[in-house]
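Okay, here's what each chain looks like letter by letter:
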Amino acid sequence: MKLKSFSGGLHPPDSKEYSAHKPIERCPLPEELIIPAAQHIGAPADICVAVGDQVKKGQVIANANGFVSVPIHASTSGEVIAVEPRLHPMGRELPAVVIKPDGLDQWHESLRQNDPEQLDVDSLKNLIRDAGIVGMGGATFPTHVKLSPPEEKTIDTLILNGVECEPFLTADHRLMLEESERIIDGINILRKVLGIDQAIIGIEVNKPDAIEKLTRDCAAHNIQVQPLKVRYPQGAEKQLINACTGRQVPSGGLPMDCGVVVQNVGTAAAISDAVRLGRPLVERIATITGPGIVEPKNLRITIGTPLQYLVDQCGGLNGEPAKIIMGGPMMGQTQLSLDVPAIRGTSGVLVFREEDLPKMPAGPCIRCGRCIGVCPIHLQPTTIAAYARLEMIDAAENYNALDCIECGCCTYICPATLPLVQSIRHAKGGIMAKRRKI
Amino acid sequence: MENPLYLSSSPHIHSGETTDKVMRLVIYALLPATALSIYLFGLPALSVLLICTLGCMAFEALSCKLMKQPLTLVDGSAALTGILLALNLPPSTPWWMSLLGAAIAILIGKQIYGGLGYNPFNPALVARVVLLISFPVQMTSWTTPAPIGSGIDAVTAATPLGEMKTAVMLTGKLPEMATSGFGNYFFGNMAGSLGEVSALVLLLGGFFLLFKKVISWHIPISFIGTVLIIGGIFWLLDPSKYPNPLFHLITGGLILGAFFMATDMVTSPITDKGMLIFGFGCGLLTVLIRLFGGYPEGVSFAILLMNACTPLIDRYTRPKIYGQVEQKA
């Protein structure tokens, strides 16, 4: 089959060899779980338990706060020992429920199994929302919102994101290899909710075993597996849509504006659990990796597990850590400490030592144009960044700064090692602030 | 964990490509041409090369010191400017002119604007044109190659383009050297500047830069293609008065200009479409100057004039971004 892709982008070293061959292992329960109320894009959930409460696994501990929000659940059974602000992966202290596990790991009695065939679309959507399902690729956008397009939007294609284009991360890869039946079940539920047949799983050819496995397993389900050229950021929604269908999401629009809904393969698996088993999103698969980890692994983690505990399960730190990143090296967020908990969007934990970090002083732009060549949106990153440095916010807006998806290709490639995407983020902040004022 | 952790916004890895690596690759691509020019012209060429290169580096260091800026010699751009300047000068250039050229290139061509990345004009060409206008006699005294060890003596001669211009102006007709047997020039068998006589090796260097993706094909192809097409049209109109387009290609500084001077990233447009327009402009001006201008060679002037257009071209050649499509109803 001909390989598809998008225009722009680049191919940084995969660095997936650290963990790609490691089967998923279940990470045991830590001494305490720190479960933040804010784990998704949208309004944080309202905490509805108090210190001293006994909770069971899957029990709601924070209620959804509006349409673009989801409830948060206890990830194991035990006692609530604190409801207080704790250090969050976002970098500041945010409200969280701290649970001391009782070791029984007992599911809440209200949870029951369902047969998706017997349920109507609205009940399926409610189950997905009540289970707290969010985009598992890292963006954590509430899934039920994506599944509720306005009436005038016609959706004809569901794309499953199995690209995992971030270097180092292998969680989705292992999920596709080991638990394809969960993904396929989730796809069938998603198709029923959207009322469409066409489903495409996009996978890059650096995961040939996953392509082979899913092609075989999907044959009976009328699901197309689309091999893709290895190219970052192909896992970005807009680029994946373009690669798989040739369509473009209109500037400022959403995938639904070109008839597509994109879901991560991990989200599909979580949807299967939520509907068929009635189990809320209380665990996920994450890759604990990097040169700063003794034995990198793919772990099935309980939401709320402190990063330190995850690192300990992987043989501990290899040398002195200099940078701890939640997510991948291209778009992940640096962490203040290993005390923060893993949350629903934690696709990986990456540890770099001093010697692993690029350290080159930034020089002047030599106008080589490489940032333009790699920009998957075809922006002029160096021009926008220059305007951003001069605080010329209107000019940056005119050069389409808001269309930037912050993939980081420009900064990665820049021979002057300028912080281009960082400057563009600054410009975007300025543009948004200006729009709020008007 | 004893040391505090680094906090920064993504990305956290880098390609390892740096400005000094880019500059070094361009210098490597020029090495065969410089070696050939030393072989063809001997010690005079070596002295021009050394004075220009070391001079440019010295003036760069001096500017950094005067302006209390960190030393920028490591980025290699000053050395590169020096080599390019030397390749644009006749082998008989006196030492003081080479040194003056280096000063003009670095001080007036580059540092006065703020250094690397901020100069609107190609510094080496600024210096060449200032020297050409100020010292027309020395700058147009050419000698034929006298390869080291060949026993041949260098003799004063005109460049092929100069000889053609003189003949056309005097007789209205092309001289014989411009109509037949000019293929020899491709291998450096002519009088000219250090870089003009090395068309073949410059072409190899240019392909090396294309292969290494230091430069893109847009400027060289559009520049040379335009010269061939426009030059070809005139040739078809009157082959007795206008030379074969291949004569345009292998004489003068076209290959040096198209692959190494016009592609200077700082002074050329930043988008693919802009580069095509830039190359077209360079090609058109080159042919017009060569055929109708007062000077026999027009590559330097053409590139400098197009350098001036670069900001304008950039403004009107913004790429169409992803998502600028009709919204699906």
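Basis of the calculations
Residues numbered from 1 in each chain as written. Chains lettered and ligands numbered in written order. Predicted model: local features only at pLDDT ≥ 70, side-chain atom pairs only at ≥ 80, totals over all residues. Helix = DSSP H or I, 4+ residues; strand = E, 2+ residues; numbered from the N terminus. Buried ≥ 20, exposed ≤ 12 C-beta atoms within 10 Å, placed from the backbone. Domains from an automatic or database assignment. Contact = placed C-beta atoms within 7 Å. Pairing = 2+ DSSP bridges. Nonpolar A, V, L, I, M, F, W, Y, C, P; charged D, E, K, R; others polar. Axes fitted to C-alpha atoms, helices over the stretch in contact; angles between N-to-C directions.

Participant: Hey, could you run me through unusual backbone geometry in this one?
Facilitator: Trans is the prevailing form of peptide bonds, just as negative phi is the prevailing case for residues other than glycine. Cis rather than trans, the peptide bond between Tyr232 of chain A and Pro233 of chain A has omega equal to -5 degrees. Looking at the element boundaries, Pro233 of chain A is found in the loop between strand E11 (224-228) and helix H6 (237-245). Omega for the peptide link from Ser10 of chain B to Pro11 of chain B comes to 0 degrees, which places this bond in the cis form. The residue Arg367 of chain A is not glycine, and still its phi comes out positive at about 55 degrees. Along the chain, Arg367 of chain A falls in the loop between strand E17 (348-353) and helix H9 (370-374). Judged by the 22 C-beta atoms lying within 10 Å of it, Arg367 of chain A falls in the buried class. Of note in this structure, Lys68 of chain B is not a glycine but carries a positive phi near 55 degrees. Looking at where Lys68 of chain B falls in the secondary structure, it is placed in the loop between helix H2 (43-66) and helix H3 (77-87). Look at Lys68 of chain B and you get exposed, because 6 C-beta atoms sit within 10 Å.

Participant: Can you walk me through the domain arrangement of chain B in this structure?
Facilitator: All names here are of chain B. For chain B, the assigned domains read domain 1 (19-139) and domain 2 (160-190 + 205-310). Relative to domain 2, the C-alpha centre of domain 1 lies at a distance of 22 Å. Listed by partner, the interface residues are 21 residues for domain 1 and 19 residues for domain 2. Secondary structure elements with two or more residues in the side of domain 1 that touches domain 2: helix H1 (19-41), H3 and helix H5 (123-134). Per element, the largest residue contribution to the side of domain 1 that touches domain 2 is nine residues, and it comes from H1.

Participant: Mind showing me how you'd approach the sheet that holds strand E8 (residues 93-101) of chain A here?
Facilitator: By definition, the strands of a sheet pair up through backbone hydrogen bonds, in either a parallel or an antiparallel sense. Residue and element names in this part refer to chain A. A sheet is described by the order of its strands in space; here four strands give the open sequence E2-E8-E7-E4, paired in antiparallel fashion. A single partner strand is all that each edge strand has here, and the edge strands are strand E2 (33-36) and strand E4 (54-55). As judged from the four bridges shared by E2 and E8, these two strands associate in the antiparallel manner. Bridge pairing in E8 places Ile34 opposite Val98.

Participant: Please clarify how the pairing of strand E10 (residues 199-204) of chain A should be interpreted in this entry.
Facilitator: On any regular strand, side chains alternate: one points to one face of the sheet, the next to the other face. All names here are of chain A. Of all six residues making up E10, six are buried, and the element is well covered by its neighbours. Strand direction decides the pairing type here: E10 and E11, joined by five bridges, are parallel. Looking across to E11, one finds that Gly202 is bridged to Gln226.

Participant: Honestly, the interface of chain B and chain A in this entry has me stumped. Any pointers?
Facilitator: Size of an interface: often given as the accessible area lost when the parts come together. Facing the 37 residues of chain B at the interface are 50 residues of chain A. The residue inventory of the side of chain B that touches chain A, partitioned by class, reads 16 nonpolar, 15 polar and six charged.

Participant: What should I look at first to understand the domain arrangement of chain A in this one?
Facilitator: Residues and elements named next belong to chain A. By the assigned domains, chain A splits into domain 1 (27-110 + 280-356), domain 2 (112-277) and domain 3 (370-437). Distance between the C-alpha centres of domain 2 and domain 3: 30 Å. Listed per partner, the contact involves six residues of domain 2 and five residues of domain 3. In terms of residue class, the side of domain 2 that touches domain 3 is built from three nonpolar, two polar and one charged.

Participant: Please explain the sheet that holds strand E15 (residues 321-326) of chain A as it appears in this structure.
Facilitator: Residues and elements named next belong to chain A. One open sheet holds the six strands; their spatial order is E1-E14-E13-E17-E15-E16, and the pairing between them is mixed. Each having just a single partner strand, strand E1 (25-26) and strand E16 (333-334) make up the two edges of the open sheet. One ladder, built from six bridges, connects strand E13 (residues 283-289) with strand E14 (residues 297-302); its direction is antiparallel. By the bridge assignment, Glu283 is partnered in E14 with Thr302. Against the sheet, helix H3 (residues 171-178) engages E13, E14 and E17, with an angle of about 125 degrees to E13.

Participant: Would you mind showing me how to read the environment of Arg344 of chain A here?
Facilitator: All names here are of chain A. Mapped onto the fold, Arg344 is located in the loop between E16 and E17. Residue Arg344 is classed as buried on the basis of its C-beta count, with 24 C-beta atoms lying within 10 Å. As a C-alpha pair, Arg344 and Ile241 span 103 residues in sequence and 24 Å in three-dimensional space. Excluding its chain neighbours within four sequence positions, the residues that come into contact with Arg344 are Gln39, His40, Val134, Thr140, Leu281, Arg284 and Ile303.

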